[in-house]
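# Observations on the three-dimensional arrangement
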Amino acid sequence: MERTSPLDTPDSNTQGWINGFIGVLIFSGSLPATRLAVLEFDPVFLTLIRATIAALLGLLLLWLFKEKRPMRSQWVPLVIVALGVVIGFPLLTALALQYVTSAHSIVFIGLLPLATAIFGVLRGGERPRPAFWLFSVLGSALVMGYALAQGLSAAPAGDVLMLLAVLVCGLGYAEGAKLSRSLGGWQVICWALVVSLPVVLPLSLALAPSSFTGISLPAWLSLAYVSLFSMLIGFVFWYRGLAQGGIAAVGQLQLLQPFFGLALAAGLLHEQVSLGMVLVTVAVIGCVAGAKEFAR
């Protein structure tokens, strides 16, 4: 497969936004699917087994395409990616979804663009214009304002876990996007999964329930989705998009994720989506247009 080249051309930027949009669309189903899965699977086991399944598939892809091993300097960034998006974000969100609904947790995803942009500056060397930060902070402020209005004391553990998940995910996104410029988008997530395999495989076997009897089909399908799409396929498009169009710029597409996620939560899980959730989501989405204009 062809590796991504960070050429700053209109065609490359367009492809970056297209790939990024596909990635966000795939990720939008992650929290509703996780919500369904944790109803019947232990959240720690779910985190481990989804990473194990994706890692084995990633290992197979690397073998089929005869990919060379990463250079020595690339292993530490790969570990950071693994800790952020392979283990950290899935585990923290799975734990959070024991306390809050997927509709409530999805609103926190509106903070991901800001977190990704900050780590894009710290780790990726990007320098968005000041106006970019105005729109990005405004979008995040709307998200947090809504969360505060709902009352964080109602489920403080779930909200804190979601905030931590956003931070580690933003770091993993930025680190992976930076690495994609030299290693390739799909190669980054596959190698990050392989890095985690010696840890997640034995732990998933050790923590596996004694019996899977009684696990419903929706729970199995949710496990399949978060393993195949959320952990692997989504990142193929997402890291490629970030590398092509810029971490801070394309990262703003994550503001669309609450919109898609809320629709899925309402349609598949029959969770209540309040008018406030919809208004906040629409306002946050509006911020992406302004941020996009000043990202470079």
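Structure: above.
Here the structure is a predicted model, which means the values were calculated and not measured.

## Description of unusual backbone geometry
Phi at Lys66 takes a positive value of approximately 50°, unusual for a residue other than glycine. The exposed category is assigned to Lys66, whose relative accessible area is 71%.

## Considering a nonpolar patch on the surface
On the surface, Ile53, Leu57, Leu60, Trp63, Leu64, Phe65, Leu228 and Phe229 cluster together into a nonpolar patch covering about 720 Å² of accessible area. Mapped onto the nonpolar patch, the elements with two or more residues apiece are α3 (43–64) and α10 (217–245). Ranked by residue count, the leading element in the nonpolar patch is α3, at 5 residues. Structurally, the position occupied by Trp63 is in helix α3. Trp63 gets classed as exposed once you look at its relative accessible area, which sits at 62%.

## Topic: the environment of Gly158
Summarising the element assignment, Gly158 is placed in helix α8 (residues 156–183). Residue class for Gly158 comes out buried when judged on its relative accessible area of 0%. Taking the C-alpha atoms as reference, Gly158 lies 26 Å from Gly176; in sequence the two are 18 residues apart. When near neighbours in sequence (up to four residues on either side) are disregarded, Gly158 contacts Ala96, Tyr99 and Val100.

## Examining the nonpolar core
Grouped together as the largest cluster of nonpolar side chains are 78 residues, with contacts concentrated most on Val85, Val86, Tyr173, Trp238 and Tyr239. Look past the residues within four positions of Val85 in its chain and what remains in contact with it is Pro90, Cys169, Gly172, Tyr173, Ile189, Met231, Phe235 and Tyr239.

## Let's talk about α8
With 28 residues, α8 should cover 40 Å at 1.5 Å per step; its first-to-last C-alpha distance of 39 Å lies within 8% of that length. Looking one or two residues beyond α8, the residue adopting positive phi is Gly184, at roughly 105°.

## Focus on the pattern of salt bridges
Scanning the model with the defined rule gives 2 salt bridges in all. Put simply, Glu175 and Arg123 hold a salt bridge, and the shortest N to O gap is 2.7 Å. Here the residue Glu175 occupies a position in helix α8, and Arg123 occupies one in helix α6 (residues 112–124), the gap between them amounting to 52 residues. Residue classification places Glu175 among the buried positions, given a relative accessible area of 2%. We note a salt bridge from Arg181 to Glu126, for which the minimum N-O separation is 3.2 Å. Residue Arg181 is found in helix α8, and its partner Glu126 is found in the loop between α6 and α7 (130–150); the two are separated by 55 residues along the sequence. A relative accessible area of 14% means that Glu126 is categorised as buried.

Here is what the cut-offs are and how they apply
Residues numbered from 1 in each chain as written. Predicted model: local features only at pLDDT ≥ 70, side-chain atom pairs only at ≥ 80, totals over all residues. Heavy atoms only, no water. Buried < 20%, exposed > 50% of the residue type's maximum accessible area, 1.4 Å probe, protein only. Patch = residues over 30% accessible without salt bridge, like charges linked within 9 Å, V, L, I, M, F, W, Y side chains within 5 Å. Areas by Shrake-Rupley, 256 points an atom, 1.4 Å probe, with all protein chains shown as cover. Salt bridge = Lys/Arg side-chain N within 4 Å of Asp/Glu carboxyl O. Helix = DSSP H or I, 4+ residues; strand = E, 2+ residues; numbered from the N terminus. Contact = heavy atoms within 4.5 Å. Core = buried A, V, L, I, M, F, W, Y, C linked by side-chain atoms within 4.5 Å. Expected span 1.5 Å × (residues − 1).

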